[in-house]
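Architecture at a glance
Chain by chain, the residues:
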Amino acid sequence: MLIREELCVGCGKCQPYCPTAAIHFAGLVSVVDQDICYECGTCLRVGICPVDALAEHPMVYEYPRALRKFFSDPSATHKATGIQGRGTEESKTNDVTGRVKPDEAGIAIEVGRPTLGMGLHDIQKISQALARAGINEIEECNPIHSMIADPATGTLKEELLDERVLSAIIEISVPKERVPVVLQTIKEVSKEVDSVFMLDVFSTLGPNLEIQPDILQMITDAGFTWRPNAKINMGLGRAWE
Amino acid sequence: MTHSLHREGSIDSLERDFVVFIYPARGFNYKGNQPKVRHLVEIIYQNEPVNMIATALRENLYSEVSHEEVLDTIENGDETTRVYSCFKSRDNIKQLLTEFKEADEGISIMVSGLVDRVRDMAAEVGLSPHTINLSLGIQGNTKRLPPADIRQFTTMCGHGVVSPHLVRDHIRKVKTGRTSSWDASVALAKPCACGIYNPYRSKEMLDDLTPVYTVSRW
Ligand code: SF4
Ligand code: SF4
(Lines give C-alpha, C1' and ligand atoms only; values in the text may rest on other atoms or scores of the structure.)
(Ligands and ions follow the chains in the order given, each with its own letter.)
Protein backbone atom coordinates (compact mmCIF):
# COMPACT_ATOMS: atom_id res chain seq x y z
CA MET A 1 0.00 0.00 0.00
CA LEU A 2 1.07 3.58 -0.58
CA ILE A 3 0.07 6.91 0.85
CA ARG A 4 0.17 9.78 -1.62
CA GLU A 5 2.09 12.40 0.28
CA GLU A 6 0.60 15.27 -1.68
CA LEU A 7 -2.92 14.27 -0.63
CA CYS A 8 -2.43 13.05 2.95
CA VAL A 9 -3.61 15.53 5.59
CA GLY A 10 -1.96 13.62 8.42
CA CYS A 11 -5.15 12.83 10.34
CA GLY A 12 -3.75 9.42 11.37
CA LYS A 13 -7.15 7.71 11.01
CA CYS A 14 -5.75 4.93 8.85
CA GLN A 15 -3.02 3.95 11.30
CA PRO A 16 -4.88 1.78 13.84
CA TYR A 17 -6.55 -0.17 10.99
CA CYS A 18 -3.21 -1.66 9.96
CA PRO A 19 -2.92 -5.05 11.72
CA THR A 20 0.86 -4.97 11.47
CA ALA A 21 1.42 -1.30 12.38
CA ALA A 22 3.06 -0.53 9.04
CA ILE A 23 1.62 2.99 8.89
CA HIS A 24 3.27 5.73 10.93
CA PHE A 25 3.81 9.46 10.90
CA ALA A 26 6.75 10.94 9.01
CA GLY A 27 6.62 14.64 9.68
CA LEU A 28 3.09 15.89 9.08
CA VAL A 29 1.89 12.98 6.94
CA SER A 30 1.51 9.22 7.29
CA VAL A 31 3.71 6.78 5.40
CA VAL A 32 3.62 3.02 4.85
CA ASP A 33 6.72 1.00 5.68
CA GLN A 34 7.00 -1.10 2.51
CA ASP A 35 9.02 -3.86 4.16
CA ILE A 36 6.43 -4.40 6.86
CA CYS A 37 3.23 -3.92 4.80
CA TYR A 38 1.91 -7.35 3.81
CA GLU A 39 -0.60 -5.88 1.34
CA CYS A 40 -3.72 -7.07 3.15
CA GLY A 41 -5.62 -4.11 1.69
CA THR A 42 -7.50 -3.46 4.94
CA CYS A 43 -6.65 0.25 5.21
CA LEU A 44 -7.97 0.88 1.70
CA ARG A 45 -10.96 -1.47 1.89
CA VAL A 46 -12.49 0.14 4.99
CA GLY A 47 -12.58 3.50 3.22
CA ILE A 48 -11.37 5.41 6.26
CA CYS A 49 -9.18 7.99 4.51
CA PRO A 50 -11.09 11.29 4.15
CA VAL A 51 -9.03 12.42 1.13
CA ASP A 52 -8.42 9.11 -0.73
CA ALA A 53 -4.69 9.31 -0.16
CA LEU A 54 -4.27 5.52 0.12
CA ALA A 55 -3.48 3.70 -3.11
CA GLU A 56 -2.23 0.27 -4.14
CA HIS A 57 1.52 -0.15 -4.52
CA PRO A 58 2.43 -0.24 -8.26
CA MET A 59 4.22 -3.58 -7.77
CA VAL A 60 1.39 -5.21 -5.83
CA TYR A 61 0.42 -7.53 -8.69
CA GLU A 62 4.03 -8.13 -9.82
CA TYR A 63 5.82 -11.31 -8.85
CA PRO A 64 7.23 -11.74 -6.19
CA ARG A 65 5.51 -8.91 -4.26
CA ALA A 66 2.16 -10.22 -5.52
CA LEU A 67 2.64 -13.09 -3.11
CA ARG A 68 1.98 -10.67 -0.26
CA LYS A 69 -1.41 -9.71 -1.62
CA PHE A 70 -2.54 -13.21 -2.52
CA PHE A 71 -1.67 -14.55 0.91
CA SER A 72 -2.80 -11.55 2.93
CA ASP A 73 -5.85 -9.95 1.34
CA PRO A 74 -8.93 -12.04 2.24
CA SER A 75 -10.71 -10.92 -0.89
CA ALA A 76 -7.88 -11.74 -3.33
CA THR A 77 -8.29 -14.92 -5.36
CA HIS A 78 -5.28 -17.18 -5.40
CA LYS A 79 -4.52 -18.41 -8.90
CA ALA A 80 -3.34 -21.82 -7.69
CA THR A 81 -6.53 -22.66 -5.82
CA GLY A 82 -9.04 -20.62 -7.73
CA ILE A 83 -10.67 -19.89 -4.38
CA GLN A 84 -10.34 -16.91 -2.14
CA GLY A 85 -8.14 -17.73 0.77
CA ARG A 86 -4.84 -19.04 1.85
CA GLY A 87 -5.58 -22.75 1.63
CA THR A 88 -7.86 -25.21 -0.09
CA GLU A 89 -11.41 -26.18 0.83
CA GLU A 90 -9.96 -28.66 3.39
CA SER A 91 -12.58 -29.94 5.87
CA LYS A 92 -15.33 -27.60 4.71
CA THR A 93 -16.50 -29.85 1.91
CA ASN A 94 -15.14 -33.18 3.14
CA ASP A 95 -18.69 -34.64 3.28
CA VAL A 96 -18.84 -34.18 -0.51
CA THR A 97 -15.24 -34.64 -1.62
CA GLY A 98 -14.11 -37.34 0.81
CA ARG A 99 -10.59 -35.87 0.65
CA VAL A 100 -9.74 -36.99 4.16
CA LYS A 101 -10.89 -40.56 4.74
CA PRO A 102 -11.72 -42.19 8.09
CA ASP A 103 -8.24 -43.73 8.37
CA GLU A 104 -6.52 -40.43 7.55
CA ALA A 105 -6.07 -37.08 9.21
CA GLY A 106 -5.59 -33.59 7.84
CA ILE A 107 -3.13 -31.28 9.56
CA ALA A 108 -3.02 -27.57 8.81
CA ILE A 109 -0.29 -25.15 9.86
CA GLU A 110 -1.67 -21.63 9.56
CA VAL A 111 1.55 -19.65 9.45
CA GLY A 112 1.49 -16.03 10.58
CA ARG A 113 -1.88 -16.30 12.28
CA PRO A 114 -3.15 -14.61 14.30
CA THR A 115 -2.33 -11.20 12.85
CA LEU A 116 1.49 -11.14 13.17
CA GLY A 117 2.22 -12.39 9.67
CA MET A 118 5.28 -14.40 8.80
CA GLY A 119 8.36 -13.91 6.64
CA LEU A 120 9.05 -16.53 4.01
CA HIS A 121 12.33 -17.35 5.78
CA ASP A 122 10.27 -18.54 8.73
CA ILE A 123 7.91 -20.52 6.51
CA GLN A 124 10.97 -22.18 4.98
CA LYS A 125 12.08 -23.33 8.45
CA ILE A 126 8.78 -25.20 8.69
CA SER A 127 8.86 -26.64 5.16
CA GLN A 128 12.47 -27.77 5.65
CA ALA A 129 11.70 -29.40 9.00
CA LEU A 130 8.80 -31.28 7.41
CA ALA A 131 11.03 -32.42 4.52
CA ARG A 132 13.80 -33.57 6.92
CA ALA A 133 11.24 -35.70 8.75
CA GLY A 134 10.21 -37.27 5.44
CA ILE A 135 6.82 -35.53 5.45
CA ASN A 136 6.17 -34.76 1.81
CA GLU A 137 2.40 -34.97 1.79
CA ILE A 138 1.79 -31.22 1.40
CA GLU A 139 -1.37 -31.04 -0.68
CA GLU A 140 -0.63 -30.29 -4.30
CA CYS A 141 -3.45 -27.83 -4.72
CA ASN A 142 -2.39 -25.97 -1.58
CA PRO A 143 -0.88 -22.59 -2.61
CA ILE A 144 2.27 -23.24 -0.51
CA HIS A 145 3.07 -26.20 -2.74
CA SER A 146 3.88 -23.89 -5.63
CA MET A 147 6.35 -21.90 -3.49
CA ILE A 148 8.59 -24.90 -2.86
CA ALA A 149 11.67 -25.11 -5.15
CA ASP A 150 12.90 -28.49 -3.95
CA PRO A 151 10.40 -30.86 -2.33
CA ALA A 152 13.22 -33.12 -1.12
CA THR A 153 14.65 -30.39 1.14
CA GLY A 154 11.60 -28.15 1.58
CA THR A 155 13.60 -25.18 0.25
CA LEU A 156 11.47 -22.33 -1.05
CA LYS A 157 12.11 -20.40 -4.24
CA GLU A 158 15.00 -18.02 -3.62
CA GLU A 159 13.25 -14.92 -4.97
CA LEU A 160 10.43 -15.27 -2.45
CA LEU A 161 12.48 -15.27 0.71
CA ASP A 162 12.33 -11.51 1.35
CA GLU A 163 8.55 -11.44 1.17
CA ARG A 164 6.18 -11.65 4.12
CA VAL A 165 2.54 -12.63 4.29
CA LEU A 166 -0.27 -12.26 6.80
CA SER A 167 -1.20 -15.92 6.56
CA ALA A 168 -0.61 -18.98 4.49
CA ILE A 169 -1.75 -22.49 5.23
CA ILE A 170 0.41 -25.59 4.88
CA GLU A 171 -2.01 -28.48 4.53
CA ILE A 172 -0.94 -32.08 4.95
CA SER A 173 -3.05 -35.21 4.62
CA VAL A 174 -1.54 -38.34 6.16
CA PRO A 175 -2.56 -41.85 7.16
CA LYS A 176 -3.49 -41.68 10.84
CA GLU A 177 -0.42 -43.57 12.00
CA ARG A 178 1.76 -40.71 10.69
CA VAL A 179 0.03 -38.05 12.79
CA PRO A 180 2.50 -38.44 15.73
CA VAL A 181 5.59 -37.80 13.57
CA VAL A 182 3.99 -34.77 11.94
CA LEU A 183 2.92 -33.27 15.28
CA GLN A 184 6.32 -33.98 16.82
CA THR A 185 8.08 -32.26 13.92
CA ILE A 186 5.80 -29.25 14.25
CA LYS A 187 6.41 -29.14 18.01
CA GLU A 188 10.16 -28.99 17.43
CA VAL A 189 10.10 -26.35 14.70
CA SER A 190 7.73 -24.17 16.73
CA LYS A 191 10.73 -23.33 18.94
CA GLU A 192 12.72 -22.02 15.96
CA VAL A 193 10.26 -19.65 14.29
CA ASP A 194 10.25 -15.94 15.01
CA SER A 195 6.50 -15.58 14.44
CA VAL A 196 3.43 -17.65 15.31
CA PHE A 197 1.18 -20.18 13.64
CA MET A 198 -2.07 -21.89 14.42
CA LEU A 199 -2.31 -25.61 14.30
CA ASP A 200 -5.36 -27.67 13.27
CA VAL A 201 -6.10 -31.36 13.02
CA PHE A 202 -9.12 -32.62 11.17
CA SER A 203 -10.65 -36.05 10.89
CA THR A 204 -13.97 -37.71 10.20
CA LEU A 205 -16.41 -38.22 13.05
CA GLY A 206 -18.14 -41.22 14.57
CA PRO A 207 -21.88 -41.31 15.38
CA ASN A 208 -23.18 -38.58 17.68
CA LEU A 209 -20.22 -36.33 16.84
CA GLU A 210 -17.73 -38.66 18.49
CA ILE A 211 -14.16 -37.52 17.86
CA GLN A 212 -11.91 -40.47 17.03
CA PRO A 213 -10.31 -41.41 20.39
CA ASP A 214 -6.98 -42.38 18.85
CA ILE A 215 -6.67 -38.94 17.23
CA LEU A 216 -7.23 -37.29 20.61
CA GLN A 217 -4.65 -39.61 22.16
CA MET A 218 -2.08 -38.72 19.50
CA ILE A 219 -2.67 -35.01 20.12
CA THR A 220 -2.21 -35.49 23.87
CA ASP A 221 0.88 -37.66 23.43
CA ALA A 222 2.49 -34.97 21.26
CA GLY A 223 2.05 -32.48 24.11
CA PHE A 224 -0.79 -30.47 22.55
CA THR A 225 -4.34 -29.81 23.72
CA TRP A 226 -7.43 -28.96 21.69
CA ARG A 227 -9.72 -26.03 22.22
CA PRO A 228 -13.37 -26.48 23.30
CA ASN A 229 -14.65 -24.85 20.13
CA ALA A 230 -14.15 -26.42 16.73
CA LYS A 231 -15.34 -26.29 13.16
CA ILE A 232 -17.75 -29.02 12.24
CA ASN A 233 -18.93 -30.21 8.85
CA MET A 234 -22.60 -31.02 9.45
CA GLY A 235 -22.82 -33.75 6.80
CA LEU A 236 -25.48 -32.05 4.67
CA GLY A 237 -23.56 -31.97 1.37
CA ARG A 238 -23.64 -34.35 -1.59
CA ALA A 239 -22.07 -34.53 -5.03
CA TRP A 240 -24.04 -34.31 -8.28
CA GLU A 241 -21.47 -33.39 -10.91
CA MET B 1 -8.98 -21.49 5.13
CA THR B 2 -9.90 -22.18 8.71
CA HIS B 3 -10.73 -18.72 9.80
CA SER B 4 -13.64 -19.47 12.13
CA LEU B 5 -11.77 -22.12 14.09
CA HIS B 6 -9.62 -20.23 16.53
CA ARG B 7 -11.98 -17.84 18.28
CA GLU B 8 -10.63 -17.14 21.73
CA GLY B 9 -12.43 -16.05 24.89
CA SER B 10 -14.28 -17.48 27.87
CA ILE B 11 -16.57 -20.46 27.47
CA ASP B 12 -19.43 -18.29 28.71
CA SER B 13 -18.85 -15.78 25.92
CA LEU B 14 -18.39 -18.51 23.28
CA GLU B 15 -21.84 -19.82 24.23
CA ARG B 16 -23.18 -16.86 22.27
CA ASP B 17 -20.98 -17.17 19.22
CA PHE B 18 -21.58 -19.57 16.33
CA VAL B 19 -20.36 -19.33 12.76
CA VAL B 20 -22.12 -20.98 9.83
CA PHE B 21 -20.67 -21.47 6.35
CA ILE B 22 -22.46 -22.48 3.17
CA TYR B 23 -19.81 -24.04 0.97
CA PRO B 24 -20.29 -25.54 -2.50
CA ALA B 25 -17.47 -27.92 -3.52
CA ARG B 26 -15.61 -27.19 -6.74
CA GLY B 27 -15.98 -30.08 -9.19
CA PHE B 28 -18.62 -31.85 -7.07
CA ASN B 29 -21.69 -29.66 -6.71
CA TYR B 30 -20.85 -26.33 -8.34
CA LYS B 31 -23.13 -26.77 -11.36
CA GLY B 32 -26.53 -25.26 -10.73
CA ASN B 33 -25.85 -24.43 -7.12
CA GLN B 34 -26.93 -20.77 -7.32
CA PRO B 35 -30.67 -21.16 -6.57
CA LYS B 36 -29.83 -23.63 -3.81
CA VAL B 37 -27.38 -21.23 -2.15
CA ARG B 38 -29.96 -18.46 -2.52
CA HIS B 39 -32.58 -20.58 -0.76
CA LEU B 40 -30.18 -21.35 2.10
CA VAL B 41 -29.38 -17.63 2.49
CA GLU B 42 -33.11 -16.84 2.62
CA ILE B 43 -33.26 -19.28 5.53
CA ILE B 44 -30.31 -17.53 7.19
CA TYR B 45 -32.07 -14.16 6.93
CA GLN B 46 -35.11 -15.60 8.72
CA ASN B 47 -33.10 -16.79 11.71
CA GLU B 48 -31.58 -13.60 13.07
CA PRO B 49 -27.98 -13.66 11.89
CA VAL B 50 -25.75 -11.13 13.64
CA ASN B 51 -23.47 -10.86 10.64
CA MET B 52 -23.16 -12.31 7.15
CA ILE B 53 -21.21 -11.95 3.93
CA ALA B 54 -21.78 -13.62 0.60
CA THR B 55 -18.54 -13.68 -1.38
CA ALA B 56 -20.37 -12.44 -4.47
CA LEU B 57 -20.80 -9.04 -2.85
CA ARG B 58 -18.45 -8.82 0.16
CA GLU B 59 -20.67 -6.41 2.08
CA ASN B 60 -21.55 -7.32 5.63
CA LEU B 61 -24.91 -7.14 7.37
CA TYR B 62 -24.21 -3.60 8.59
CA SER B 63 -23.55 -2.14 5.14
CA GLU B 64 -26.22 -0.34 3.13
CA VAL B 65 -26.78 -3.32 0.83
CA SER B 66 -30.31 -4.79 0.92
CA HIS B 67 -31.10 -8.47 1.37
CA GLU B 68 -32.71 -8.53 -2.08
CA GLU B 69 -29.55 -7.25 -3.71
CA VAL B 70 -27.46 -9.92 -1.97
CA LEU B 71 -29.91 -12.66 -2.97
CA ASP B 72 -30.04 -11.47 -6.58
CA THR B 73 -26.25 -11.40 -6.83
CA ILE B 74 -26.06 -14.93 -5.46
CA GLU B 75 -28.57 -16.23 -7.99
CA ASN B 76 -27.50 -14.25 -11.05
CA GLY B 77 -23.80 -13.60 -10.46
CA ASP B 78 -21.11 -15.22 -12.62
CA GLU B 79 -19.30 -16.83 -9.73
CA THR B 80 -20.31 -19.44 -7.24
CA THR B 81 -20.98 -17.82 -3.91
CA ARG B 82 -19.75 -19.02 -0.56
CA VAL B 83 -21.56 -17.62 2.44
CA TYR B 84 -20.19 -16.87 5.89
CA SER B 85 -22.51 -15.95 8.72
CA CYS B 86 -22.57 -15.57 12.47
CA PHE B 87 -25.23 -16.13 15.15
CA LYS B 88 -25.49 -15.31 18.83
CA SER B 89 -28.05 -17.82 20.02
CA ARG B 90 -28.16 -21.56 20.23
CA ASP B 91 -31.92 -21.47 19.54
CA ASN B 92 -31.40 -19.62 16.25
CA ILE B 93 -28.76 -22.10 15.14
CA LYS B 94 -30.93 -25.05 16.03
CA GLN B 95 -33.85 -23.64 14.06
CA LEU B 96 -31.49 -22.82 11.18
CA LEU B 97 -30.17 -26.37 11.07
CA THR B 98 -33.70 -27.77 11.22
CA GLU B 99 -34.66 -25.69 8.18
CA PHE B 100 -31.41 -26.51 6.36
CA LYS B 101 -32.12 -30.20 6.88
CA GLU B 102 -35.66 -29.85 5.55
CA ALA B 103 -34.43 -27.84 2.56
CA ASP B 104 -32.01 -30.67 1.71
CA GLU B 105 -30.13 -28.63 -0.90
CA GLY B 106 -27.02 -30.85 -0.79
CA ILE B 107 -24.50 -28.05 -0.16
CA SER B 108 -21.89 -28.49 2.60
CA ILE B 109 -22.69 -26.64 5.83
CA MET B 110 -20.09 -25.95 8.49
CA VAL B 111 -20.84 -24.85 12.04
CA SER B 112 -18.08 -23.46 14.26
CA GLY B 113 -18.74 -23.27 17.97
CA LEU B 114 -18.44 -25.09 21.25
CA VAL B 115 -18.26 -28.79 20.36
CA ASP B 116 -20.59 -29.86 23.17
CA ARG B 117 -23.27 -27.41 22.04
CA VAL B 118 -23.01 -28.42 18.39
CA ARG B 119 -23.19 -32.10 19.42
CA ASP B 120 -26.43 -31.45 21.35
CA MET B 121 -27.96 -29.49 18.50
CA ALA B 122 -27.02 -32.09 15.90
CA ALA B 123 -28.64 -34.81 18.02
CA GLU B 124 -31.80 -32.74 18.56
CA VAL B 125 -32.14 -31.91 14.86
CA GLY B 126 -31.19 -35.43 13.73
CA LEU B 127 -27.99 -34.65 11.84
CA SER B 128 -24.87 -36.79 11.54
CA PRO B 129 -21.87 -34.45 11.41
CA HIS B 130 -19.17 -35.75 9.09
CA THR B 131 -15.81 -34.11 9.87
CA ILE B 132 -14.33 -32.06 12.69
CA ASN B 133 -11.52 -29.55 12.52
CA LEU B 134 -9.88 -29.18 15.95
CA SER B 135 -7.81 -26.18 16.96
CA LEU B 136 -4.57 -26.97 18.78
CA GLY B 137 -4.15 -23.26 19.42
CA ILE B 138 -1.34 -20.81 18.75
CA GLN B 139 2.21 -22.14 18.51
CA GLY B 140 5.62 -20.56 17.99
CA ASN B 141 6.91 -17.28 19.36
CA THR B 142 3.75 -16.45 21.31
CA LYS B 143 5.53 -13.75 23.32
CA ARG B 144 4.98 -11.43 20.36
CA LEU B 145 1.18 -11.74 20.52
CA PRO B 146 -1.16 -9.07 21.84
CA PRO B 147 -2.71 -10.06 25.20
CA ALA B 148 -5.55 -12.57 25.41
CA ASP B 149 -8.21 -9.97 26.20
CA ILE B 150 -7.43 -8.18 22.92
CA ARG B 151 -7.21 -11.48 21.01
CA GLN B 152 -10.78 -12.39 21.97
CA PHE B 153 -11.79 -9.54 19.61
CA THR B 154 -9.18 -10.00 16.90
CA THR B 155 -9.62 -13.77 16.54
CA MET B 156 -13.26 -13.25 15.55
CA CYS B 157 -11.73 -12.30 12.21
CA GLY B 158 -9.76 -15.42 11.43
CA HIS B 159 -7.82 -13.72 8.66
CA GLY B 160 -6.44 -11.39 11.31
CA VAL B 161 -7.37 -8.12 9.65
CA VAL B 162 -9.21 -6.72 12.67
CA SER B 163 -6.18 -4.99 14.07
CA PRO B 164 -5.29 -5.18 17.78
CA HIS B 165 -4.48 -1.47 17.52
CA LEU B 166 -7.98 -0.80 16.26
CA VAL B 167 -9.43 -2.68 19.24
CA ARG B 168 -7.38 -0.56 21.64
CA ASP B 169 -8.34 2.58 19.72
CA HIS B 170 -12.02 1.75 20.15
CA ILE B 171 -11.66 0.85 23.82
CA ARG B 172 -10.18 4.31 24.22
CA LYS B 173 -13.02 5.92 22.25
CA VAL B 174 -15.67 4.12 24.30
CA LYS B 175 -13.87 4.98 27.50
CA THR B 176 -13.70 8.66 26.62
CA GLY B 177 -17.35 8.74 25.56
CA ARG B 178 -16.61 9.40 21.87
CA THR B 179 -18.53 6.35 20.72
CA SER B 180 -20.86 3.69 22.14
CA SER B 181 -19.81 0.10 22.63
CA TRP B 182 -22.29 -0.95 19.91
CA ASP B 183 -21.05 1.57 17.34
CA ALA B 184 -17.47 0.60 18.18
CA SER B 185 -18.38 -3.06 17.60
CA VAL B 186 -19.93 -2.35 14.21
CA ALA B 187 -16.78 -0.40 13.30
CA LEU B 188 -14.60 -3.29 14.45
CA ALA B 189 -16.66 -5.66 12.28
CA LYS B 190 -15.95 -3.65 9.15
CA PRO B 191 -12.42 -4.83 8.29
CA CYS B 192 -13.53 -8.50 8.59
CA ALA B 193 -13.96 -9.36 4.93
CA CYS B 194 -15.86 -12.58 5.68
CA GLY B 195 -18.61 -11.15 7.86
CA ILE B 196 -17.99 -13.44 10.83
CA TYR B 197 -17.05 -10.80 13.40
CA ASN B 198 -19.86 -10.99 15.98
CA PRO B 199 -20.71 -7.40 17.04
CA TYR B 200 -23.08 -8.54 19.83
CA ARG B 201 -20.33 -10.51 21.49
CA SER B 202 -17.92 -7.68 20.81
CA LYS B 203 -20.25 -5.22 22.57
CA GLU B 204 -20.53 -7.49 25.60
CA MET B 205 -16.75 -7.77 25.75
CA LEU B 206 -16.22 -4.03 25.32
CA ASP B 207 -18.70 -3.36 28.14
CA ASP B 208 -16.76 -5.78 30.35
CA LEU B 209 -13.33 -4.56 29.40
CA THR B 210 -13.63 -0.80 29.03
CA PRO B 211 -13.91 0.02 32.76
CA VAL B 212 -10.76 -1.91 33.60
CA TYR B 213 -8.60 -0.74 30.70
CA THR B 214 -6.27 2.21 30.60
CA VAL B 215 -5.28 3.20 27.10
CA SER B 216 -3.14 6.13 26.11
CA ARG B 217 -2.59 5.81 22.37
CA TRP B 218 -3.17 2.52 20.60
S1 SF4 C 1 -2.27 -2.96 3.12
FE2 SF4 C 1 -2.51 -3.94 5.15
S3 SF4 C 1 -0.42 -4.18 5.92
FE4 SF4 C 1 -0.33 -2.69 4.24
S5 SF4 C 1 -0.52 -0.68 5.23
FE6 SF4 C 1 -2.61 -1.30 4.63
S7 SF4 C 1 -3.45 -2.33 6.44
FE8 SF4 C 1 -1.21 -2.23 6.73
S1 SF4 D 1 -6.35 8.51 6.71
FE2 SF4 D 1 -5.60 9.40 4.77
S3 SF4 D 1 -5.19 11.57 5.25
FE4 SF4 D 1 -5.37 10.49 7.22
S5 SF4 D 1 -3.22 9.92 7.73
FE6 SF4 D 1 -4.13 8.16 6.66
S7 SF4 D 1 -3.55 8.51 4.49
FE8 SF4 D 1 -3.25 10.47 5.53
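Since we're looking at a predicted model, the values are computed, not measured.

**Structural notes on the overall build of chain B**
When helices and strands are counted, chain B shows nine helices and five strands. Along chain B, from the amino end to the carboxyl end, the secondary structure elements read α-β-α-β-α-β-α-β-α-β-α-α-α-α. Relative to the globule expectation of 17 Å for 218 residues, the C-alpha radius of gyration of chain B, 18 Å, shows essentially globular dimensions. Projected onto its principal axes, the C-alpha positions of chain B cover 55 × 35 × 30 Å. Within chain B, residue pairs in contact and separated by at least 24 positions form 75% of the contacts whose partners lie at least 6 positions apart. Accessible area of chain B: about 8,000 Å², with a carbon and sulfur share of 45%. Positive and negative charge centroids in chain B, built from 26 and 28 side chains respectively, lie 9 Å apart.

**Notes on the pairing of strand β3 (residues 29–32) of chain A**
All names here are of chain A. Pairing analysis gives four bridges linking strand β2 (residues 23–26) to β3, with the strands arranged antiparallel. Considered in β3, the bridge of I23 is made with V32. Between the end of β2 and the start of β3, which pair antiparallel, lie two residues, with G27 showing a positive phi angle near 70 degrees.

**Quick look at the site of ligand 1**
For ligand 1, the full set of nearby residues is M1(A), C18(A), P19(A), T20(A), I23(A), V32(A), C37(A), Y38(A), E39(A), C40(A), G41(A) and C43(A). Looking at side-chain class alone, the shell around ligand 1 contains nine nonpolar, two polar and one charged residues.

**Here we look at the packing of helix α7 (residues 164–175) of chain B against helix α8 (residues 181–189) of chain B**
All names here are of chain B. α8 packs onto α7 with a crossing angle of 165 degrees between their chain directions and a minimal axis gap of 10 Å. Considering the angle they form, α7 stands roughly antiparallel to α8. Considering how the two elements wind past one another, α7 and α8 form a crossing that is right-handed. Touching L166, V167, H170 and V174 of α7 are S181, A184, A187 and L188, all from α8. When the residues that make up the contact of α7 with α8 are grouped by side-chain class, the tally is six nonpolar, two polar and no charged.

Thresholds applied
Residues numbered from 1 in each chain as written. Chains lettered and ligands numbered in written order. Predicted model: local features only at pLDDT ≥ 70, side-chain atom pairs only at ≥ 80, totals over all residues. Heavy atoms only, no water. Helix = DSSP H or I, 4+ residues; strand = E, 2+ residues; numbered from the N terminus. Rg over C-alpha atoms; globule rule 2.2 N^0.38 Å. Contact = heavy atoms within 4.5 Å. Areas by Shrake-Rupley, 256 points an atom, 1.4 Å probe, with all protein chains shown as cover. Lys, Arg positive; Asp, Glu negative; His and termini not counted. Charge placed at Lys NZ, Arg CZ, Asp CG, Glu CD. Pairing = 2+ DSSP bridges. Near = heavy atom within 4 Å. Nonpolar A, V, L, I, M, F, W, Y, C, P; charged D, E, K, R; others polar. Axes fitted to C-alpha atoms, helices over the stretch in contact; angles between N-to-C directions. Parallel < 35°, antiparallel > 145°, perpendicular 65-115°, else oblique. Left-handed = near helix turned anticlockwise from the far one by under 90°.

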